[in-house]
Amino acid sequence: MESNTSAIASIAPGDFDGDAQMDLLLLRKTESNHISAEIHWGISGTNALDKKALILNETLKDQPSIIDANGDMIPDLVGETYTGSRVFFVFSTNRTYHTLEVRNSTSSNSLDPLRVPQSSAFVDFNGDLVPDLCLVSEKDKRIAFEIWTAKNGIFEWNKTIASPAELIVSGRASFYDLNDNQEINIILPGCIDVNCEQSAIFVWGRGNWTRIMDFKDWNFFTESLPLSWLEVPMALRFGDYNLDGFPDAVTVLKSSRNNSYAAFLLLNTPCSSCEGFSRTFQINFDQPLSPESQHPLLCAFYDFMEDGILDIVLTVYTDGEPKLLALEQDFTADAYFLKVMVVSGRCLDNCPNDHQPYGVNQVGPVIRFKTTTSTGAYEIGVCKEDI
Ligand SMILES: [Ca+2]
Ligand SMILES: [Ca+2]
Ligand SMILES: [Ca+2]
Ligand SMILES: [Ca+2]
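All residue numbers refer to position in the chain's written sequence, counted from 1. Think of it this way: whatever chain is written first is A, whatever ligand is written first is 1, and the rest follow in order. For a predicted model such as this one, the threshold for reporting local features is a pLDDT of at least 70, and the threshold for listing and counting side-chain atom pairs is 80 or more; totals across whole chains, interfaces and linings nevertheless cover every residue.

Another point: the overall build of the protein chain. When helices and strands are tallied, the protein chain shows 0 helices and 27 strands. Note on method: radius of gyration uses C-alpha positions; expected globular size equals 2.2 Å times residues raised to 0.38. Taken against the 2.2 N^0.38 rule, which gives 21 Å for 387 residues, the C-alpha radius of gyration of the protein chain at 22 Å falls within 12% of a compact globule. Each principal axis of the C-alpha distribution contributes one length, and for the protein chain these read about 55 × 55 × 50 Å. Two residues qualify as a contact pair if the distance between their C-beta atoms, derived from the backbone, is within 7 Å. Taking the intrachain contacts of the protein chain between residues at least 6 apart in sequence as the baseline, contacts between residues at least 24 apart amount to 41%. Helix numbering and strand numbering both begin at the N terminus, where a helix is a DSSP run of H or I of at least 4 residues and a strand a DSSP run of E of at least 2.

Quick look at the structure:
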């Protein structure tokens, strides 16, 4: 790979030319604060990268999202160029790309700018198992979720959902089926005051926002982390910790009593008092995931043993530097899990080096499965890719 002095903002794997060999998307932050994107091509049958990379002509305002814009199982990108156009970058097998403007065919109004940091989702919103697109835009400091439904390889604008009016500071949304009704919910953490002394979690489901949780002594926070290069918006990170079929979350909160930070597990539990939604989160504030002497920066679920039981990975800031901790979970309850790997299936009978045709990992897959419970009843599960 050629050397370049611009800071690397992020990297992501993907097969951007559809030859069933993983390539590398590398994003850089230029000196003028633009994001530039390069694709480094994997060479078939080796672990090496081609010396010649594809560098996108356009620079972007923020990191793009990886989606499949035309349904050909080759990943594409969507983002906003530095000049303010919202575009898809569509890649093809000959290692080139073309741009397509994102257009709302039902309106002649120009599209609102995308929110920075962008947190779009490529998930199935209408239950046809084809991933749709949710782009987060921002107007007059209020964010909105634009749902674009995929039809025959084209995204059509379907609706725009404004964030709850009482939410003053919005965090990063997550997209999960929180109440197990086979419909994706938008889960939005944030604050209902400017100083984030009153935090809350809102959920979008069946056409309404419901405030499912209010915080008191521990809250989300807006200040940046002690590492200047790490910009992390307030966010919940999801996984089914206790294997009951309902996604749980982890996050870092700040104490309003002594300004300390701690990471907590948010257990998805039934809620009888949440008007309009059947679930909420329960937090055991006496049991943070990290000792109070440590300053947690980030936490997420991760299955270290690949046995279906989620462990937790935690970054803490101690002695002036970040450290990575792994919390292994001991799980003994009677539960089962289904592990599904979705691949693109690209390369048919001409696979390089005689390997079986299976392709590589894919963005946006959704699976639906039907099982029989011990009492003979049918149980339907719908699951999207965990990212
Ligand atoms: Ca490739
Ligand atoms: Ca594509
Ligand atoms: Ca769909
Ligand atoms: Ca759970």
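The strand order β23-β24-β25 describes an open sheet built from 3 strands, whose pairing is antiparallel. At either end of the open sheet lies a strand with only one pairing partner, and these are β23 (295-302) and β25 (321-327). The sheet shows a mean angle of 20° between the axes of neighbouring strands, direction not considered. Here, strands pair whenever DSSP counts at least two bridges between them. Pairing between β23 and strand β24 (residues 311-318): 7 bridges, direction antiparallel. When the bridges of β24 are listed, H295 appears paired with Y317. Between N-to-C directions, angles span 0 to 180 degrees; the directions come from axes that are lines fitted to C-alpha atoms, helices contributing only their stretch in contact.

By secondary structure assignment, the location of A121 is in strand β9 (residues 121-123). The spatial distance from the C-alpha of A121 to the C-alpha of D15 is 19 Å, given a sequence separation of 106 residues. Excluding residues that lie within four positions of it along the chain, A121 makes contacts with C134 and F175.

Across soluble globular proteins, nonpolar side chains show a tendency to be buried alongside one another. Connectivity within a nonpolar core runs through C-beta atoms within 7 Å, and the core itself is a set of buried Ala, Val, Leu, Ile, Met, Phe, Trp, Tyr and Cys residues. Three classes are used. A residue is buried when 20 or more other C-beta atoms lie within 10 Å of its own, exposed when 12 or fewer do, and partly exposed in between, with C-beta atoms placed from the backbone. Residues C134, I187 and V250 are the most contacted members of the largest nonpolar core, which totals 80 residues. In terms of residues, this core owes the most to one element, strand β21 (residues 261-270), which gives 6 residues. The contacts of I187, once residues within four sequence positions are left out, are A173, S174, Y176, L178, I201, V203 and L236.

A few words on unusual backbone geometry. Omega for the peptide link from V116 to P117 comes to 0°, which places this bond in the cis form. Considering the arrangement of structural elements, one finds P117 in the loop between β8 (97-101) and β9. Phi at E306 takes a positive value of approximately 50°, unusual for a residue other than glycine. Examined against the element boundaries, E306 turns out to sit in the loop between β23 and β24. We note that D319 has phi near 50°; this positive angle belongs to a residue other than glycine.

Further remarks concern the environment of G14. Here G14 lies in strand β1 (residues 7-14). G14 sits in the buried class, given 22 other C-beta atoms within 10 Å. Here the alpha-carbon distance between G14 and I66, two residues 52 residues apart in the chain, equals 8.7 Å. Excluding anything up to four places from it in sequence, G14 contacts D23, L25, I66 and P75.

Note on sheets: strands pair through backbone hydrogen bonds, and any given pair is parallel or antiparallel. Taken in spatial order, the 4 strands make up an open sheet running β5-β6-β7-β8, and their pairing is antiparallel. Whereas interior strands pair on both sides, the edge strands pair on one side only; in this sheet they are β5 (65-67) and β8. Taking the axes of each pair of neighbouring strands and ignoring which way they run, one obtains an average angle of 30° across the sheet. Pairing of strand β6 (residues 76-80) with strand β7 (residues 86-91), which is carried by 4 bridges, proceeds in the antiparallel orientation. Across the sheet, V78 pairs through a bridge with F88, a residue of β7.

Relative to the elements of secondary structure, K339 occurs in the loop between β25 and β26 (366-372). The exposed category is assigned to K339, around which 8 C-beta atoms lie within 10 Å. Counting along the chain gives 34 residues from K339 to T373, while the straight-line C-alpha distance between them is 18 Å.

With 0 of 7 residues buried, β25 lies mostly on the surface of the structure. Here 7 bridges tie β24 to β25, and the two strands are oriented antiparallel to one another. Each residue of the ladder has a partner; that of Y317, found in β25, is P322. Linking two consecutive strands that pair antiparallel, namely β24 and β25, is a turn of 2 residues; a positive phi of about 50° is found at D319 within it.

Once that is clear, we can look at the pairing of strand β12 (residues 154-162). Consecutive residues of a regular strand have side chains that alternate between opposite faces of the sheet. Where strand β11 (residues 142-151) meets β12, 8 bridges bridge the pair, whose relative direction is antiparallel. Across the sheet, the residue bridging to A144 is A162, located in β12.

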